[in-house]
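What the coordinates show
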Amino acid sequence: MTGESALPAAAGAARWRHLRTDDLDEIMGLEDQLFGADAWPRDGFEAELLQPETREYVAAEAGGRIIAYGGIMCVPPIADIQTIGVAREAQGRGLGRALLRRLVEASRARGAEDILLEVREDNAPARALYESEGFSQIHVRKRYYRDGCDALIMQLKLTPTGDPR
Ligand SMILES: CC(C)(COP(=O)(O)OP(=O)(O)OC[C@H]1O[C@@H](n2cnc3c(N)ncnc32)[C@H](O)[C@@H]1OP(=O)(O)O)[C@@H](O)C(=O)NCCC(=O)NCCS
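Overview of the structure.

Procedures and definitions
- Residues numbered from 1 in each chain as written.
- Predicted model: local features only at pLDDT ≥ 70, side-chain atom pairs only at ≥ 80, totals over all residues.
- Heavy atoms only, no water.
- Helix = DSSP H or I, 4+ residues; strand = E, 2+ residues; numbered from the N terminus.
- Buried < 20%, exposed > 50% of the residue type's maximum accessible area, 1.4 Å probe, protein only.
- Areas by Shrake-Rupley, 256 points an atom, 1.4 Å probe, with all protein chains shown as cover.
- Lys, Arg positive; Asp, Glu negative; His and termini not counted.
- Charge placed at Lys NZ, Arg CZ, Asp CG, Glu CD.
- Arc of directions from axis to C-beta.
- Axes fitted to C-alpha atoms, helices over the stretch in contact; angles between N-to-C directions.
- Parallel < 35°, antiparallel > 145°, perpendicular 65-115°, else oblique.
- Left-handed = near helix turned anticlockwise from the far one by under 90°.
- Contact = heavy atoms within 4.5 Å.
- Nonpolar A, V, L, I, M, F, W, Y, C, P; charged D, E, K, R; others polar.
- Polar contact = N/O pair within 3.5 Å; in protein donor to acceptor, adjacent residues only side chain to side chain.
- Pairing = 2+ DSSP bridges.

Glancing now at the overall build of the protein chain. Per the secondary structure count, the protein chain includes four helices and seven strands. N-terminal to C-terminal, the α/β element order of the protein chain is β-α-α-β-β-β-α-β-α-β-β. For the protein chain, with 165 residues in total, the buried portion stands at 45%. On the protein chain, roughly 8600 Å² of surface is accessible, and the fraction owed to carbon and sulfur atoms is 51%. Distance from the positive charge centre (21 side chains) to the negative charge centre (27 side chains) of the protein chain: 3 Å.

Have a look at this one:
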């Protein structure tokens, strides 16, 4: 079976679960593929997974492989989207949106009223996703990334009614 044929046709077919420390070999490969020089080190991920009282990380699996993952830090009333990634071969099928919505719901369930995230100014796909889910830009961190790219800080204000927008 090729990697491609193991993929779900759409986000709804993926199996979602919490990320575990024994996933980290696989996650390190995905980090390298998706983030290059901005990839998190393994010990950074380990530290995140050791703080479940304020962190929540989820993964989507298909064909025995992780194809999407992401997490939040939530200390109410603010949650931060820490990372979000979809394996390159699984992109463009709705997984990124499904993942982001899960993280928004996890933040709400933990008592967040505001969700913040950082995104590279040159990351058009991620910016389009966040904007289409109701996030708006509130700040710019100049030359935040190693290569000098700016970081945009985006915010989603949650309403108590259950509608994020
Ligand atoms: C950003 C990312 C998570 C999107 O995941 P995805 O599964 O491809 O996204 P989806 O298929 O759910 O698409 C959701 C929306 O994202 C935007 N989008 C996705 N790919 C895009 C592209 N190539 N160009 C422009 N917009 C794009 C669109 O708004 C899309 O909505 P639409 O399908 O209604 O047009 C994915 O590209 C990724 O992992 N990138 C590398 C890691 C990364 O940059 N993470 C974000 C760090 S802040």
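This brings us to unusual backbone geometry. Outside of glycine, negative phi angles account for most residues, and trans bonds account for most peptide bonds. Each neighbour pair has its own omega, and for P76 with P77 the value is 15 degrees, a cis peptide bond. The phi dihedral of R143 is positive, around 50 degrees, even though this residue is not glycine. Relative to the elements of secondary structure, R143 occurs in the loop between β6 (136-141) and β7 (151-157). The exposure class assigned to R143 is exposed, which follows from its relative accessible area of 62%.

Three or more residues of helix α2 (residues 42-49) are buried, namely F45, E48 and L49. One side of α2 carries all its buried residues, which in axial view fall inside an arc of 95 degrees.

Running from N to C, helix α1 (residues 24-35) and α2 point in directions that differ by 125 degrees, and their axes come no closer than 10 Å. Put simply, α1 runs oblique to α2. Of the two possible hands of crossing, α1 and α2 adopt the one that is right-handed. Contact with α1, carried on its side by L24, D25, I27, M28 and E31, involves R42, F45, E46 and L49 of α2 and no other residues of that element. Across the contact of α1 with α2, the residue classes tally to five nonpolar, no polar and four charged.

Looking now at helix α4 (residues 124-132). Considered for burial, the residues of α4 that qualify are A126, L129 and Y130. The buried side chains of α4 occupy one side of the element, clustering within an arc of 95 degrees when seen end-on. Here the buried face of α4 lies against β4 (78-86), α3 (95-109), β5 (114-120) and β7. Structurally, the start of α4 carries an N-cap: the backbone nitrogen of A126 is 3.2 Å from a side-chain oxygen of N123.

In this section: the environment of Y145. With respect to the secondary-structure elements, Y145 resides in the loop between β6 and β7. Since its relative accessible area comes to 14%, Y145 is described here as buried. Here the alpha-carbon distance between Y145 and E121, two residues 24 residues apart in the chain, equals 9.9 Å. For Y145, the residues in contact, after removing those within four places along its chain, are D38, E118, V119, R120, D150 and A151.

So, on to the sheet that holds strand β3 (residues 65-75). Across the sheet, seven strands lie side by side as β1-β2-β3-β4-β5-β7-β6; this open sheet has mixed pairing. Two strands lie at the open edges of the sheet, namely β1 (15-18) and β6, each paired on one side alone. Strand after strand, the sheet turns through a mean of 25 degrees between neighbouring axes, direction not considered. Each of β3 and β4 is contacted by α1, which is oriented at about 85 degrees to β3, the strand it contacts most. Its contacts with the sheet put α4 on β4, β5, β6 and β7, and the angle it makes with β5 is roughly 160 degrees.

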